[in-house]
Amino acid sequence: MSIAASNRTSIDDLIDIEQQRFADNHPRSRALWEEGKEHFLYGGPSHWMRRWAGGFPVYVESAKGARLTDVDGKAYVDFCLGDTGGMCGHAPEAVTAAAVAQLQRGTTTMLPTEDSLWVGKELARRFGLPYWTLTTSATDANRGAIRFARMVTGRDKVLVFSGCYHGGVEEAHVEIRDGKVGLRNMIHPNGVDHARVSKVVEFNDAEGLKAALADRDVAVVLMEPLMTNFGMIPVAEGFHDLVREETRKTGTLLIIDETHTISSGPGGYTRSHGLEPDFFVAGKAIAGGIPAGIFGVSQETAERIWQAVPYVNPRQRQSAHLGIGGTLAGNALTIATMRAVLESILTEANFEVMIANAQRLAEGARGIIAKYDLPWHVTQIGARAEIMFTPEPPHNGADVIATRRGDLETLLHAFYMNEGILVTPFHTMFLMCPATTAEDVDHHTRVFEKFVQRASAAGVL
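Quantities reported herein were computed from a predicted structural model and do not represent experimental measurements.

What counts and how
Residue numbers restart at each chain and count upward from 1, following the sequence in its written direction. This being a predicted model, a pLDDT of at least 70 is required before a residue's local features are given, and a value of 80 or more before pairs of side-chain atoms are given or counted; all residues contribute to the totals for chains, interfaces and linings. As a convention, hydrogens and water are excluded, and side-chain values are obtained from all of the structure's heavy atoms. Strand pairing is defined by DSSP finding a minimum of two bridges between the two strands. Runs of H or I in DSSP of at least four residues are treated as helices and runs of E of at least two as strands, each being numbered from the N terminus. Burial status follows relative accessibility: with a 1.4 Å probe on protein chains alone, a residue under 20% of its type maximum counts as buried, one over 50% as exposed, and anything between as partly exposed. The term nonpolar core refers to a set of buried residues drawn from Ala, Val, Leu, Ile, Met, Phe, Trp, Tyr and Cys, joined through side-chain atoms within 4.5 Å. Residue contacts are counted whenever heavy atoms from the two residues lie within 4.5 Å of one another.

**Considering the sheet that holds strand β15 (residues 421-422)**
- The four strands lie next to each other as β1-β2-β3-β15, forming an open sheet whose pairing is mixed. Looking along the sheet, the strands with just one partner apiece sit at the ends: β1 (60-64) and β15.
- In this sheet, strand β3 (residues 75-78) lies alongside strand β2 (residues 67-70) in antiparallel orientation, the contact comprising three bridges. Directly across from L68, in β3, lies its bridge partner Y76.

Next up, the structure:
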């Protein structure tokens, strides 16, 4: 019997204790959650909001910088930051000022503004791809890039890595479990023939990747530069070079999705590690919390797209939406806030502070792990860090499936919420924003040690 199984009852008892403590201390949020069930399908505006380990989410009164206050008057250090959407911090002054000014001038006209010219140049400078398209989410950016990839390659399949998450992209809803390919957790088939449109291999699996691409039926590989949604899975040395070599050899395009890993630095992981994608995708943080996504296109790929669908002849009346877009994509409000983010918030200087605080949090957590001789590890990349309950970082999704202690994660998350800390509810990942302070990080270190002491005394570690 595994350690997790033998201690399951004890862990469940501790979870009950923490969730009751949470309920007792958050009566207003609890009442509002019950009221929300009357009109929202899963209790809140988004079904993801039900995932918080306290048993229900807190209702937010206000959020500023790296701090959040709920309707019960409880304050939190926020390391979740809207699961990256708030990476700029809550209500940053530059974004707020830009948004208010643009709201007064108009929001949605389906026409460009002069700010868009600055944004386009800055995206090209930062991320190294010359041409860009804006969307309303990273999901839409990925969908657009996939559609273009299929158009210019004439192929149907999209290759993804098991355990990935790329938003609502249907082709990415597959994983390998017990040696078989199937749909990810609780995802309905939705009429999609994944055998025709998807291929999935384990992350860092060089031979599996080569075999999957050898048939030359894959239009595009869709990947994060390191995995962040199944627990942080670092990339193996040389794997990016292999991916790029094999995709070029087989005529396959490459999408690098940096919706999370943009926290690696001002140009994301792509610039800091010299990656050369055909498409670059980001979202969430890029407009300071205003819904937005972007995808960039390499020169060669852009020329192939233009060859397939040239610019519209202005003498002819025609629709050329290309199967992507949306009337709100690239709206003036998004452009204004995106400029504020790129110009004033996600700067070299702010990233230095964010990365230093992520290193401080990782070192503090590692110190506690070593002090209590726990078989756990901490991964830190850029302004992001994660605690996982395994001795070494996982090599792929199969490692996560085999070792994950979901009940212990739930206990830790509920304890964090009771002690004034918010982390991403889907895994124990911490993100820094420019407003995060060393004291915020040190508060986490103290709370983490308190958790270890209590769980160890209960015999569940």
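**What to know about the pairing of strand β12 (residues 293-297)**
- By the criterion of burial, β12 is predominantly enclosed, with five of the five residues buried.
- By the alternation rule, side chains of β12 split into G293, F295 and V297 and I294 and G296, which are all buried.
- Two strands pair when backbone bridges link them, and strand β11 (residues 279-283) and β12 are joined in this way by five bridges, in the antiparallel orientation. In the sheet register, F280 faces β12, and the bridge partner there is G296.

**Focus on the nonpolar core**
- Membership of the largest hydrophobic core comes to 64 residues, with the highest contact counts inside it found for I294, M338, W376, Y416, M432, F448 and F451.
- Of the residues forming this core, the biggest block, eight residues, is contributed by helix α13 (residues 348-371).
- When residues no more than four places from it in sequence are discounted, the contact partners of F448 are A365, I368, I369, W376, I387, L412 and Y416.
- Among the nonpolar cores identified, the runner-up in size contains 50 residues, and I146, C164, V218 and V221 belong to it.

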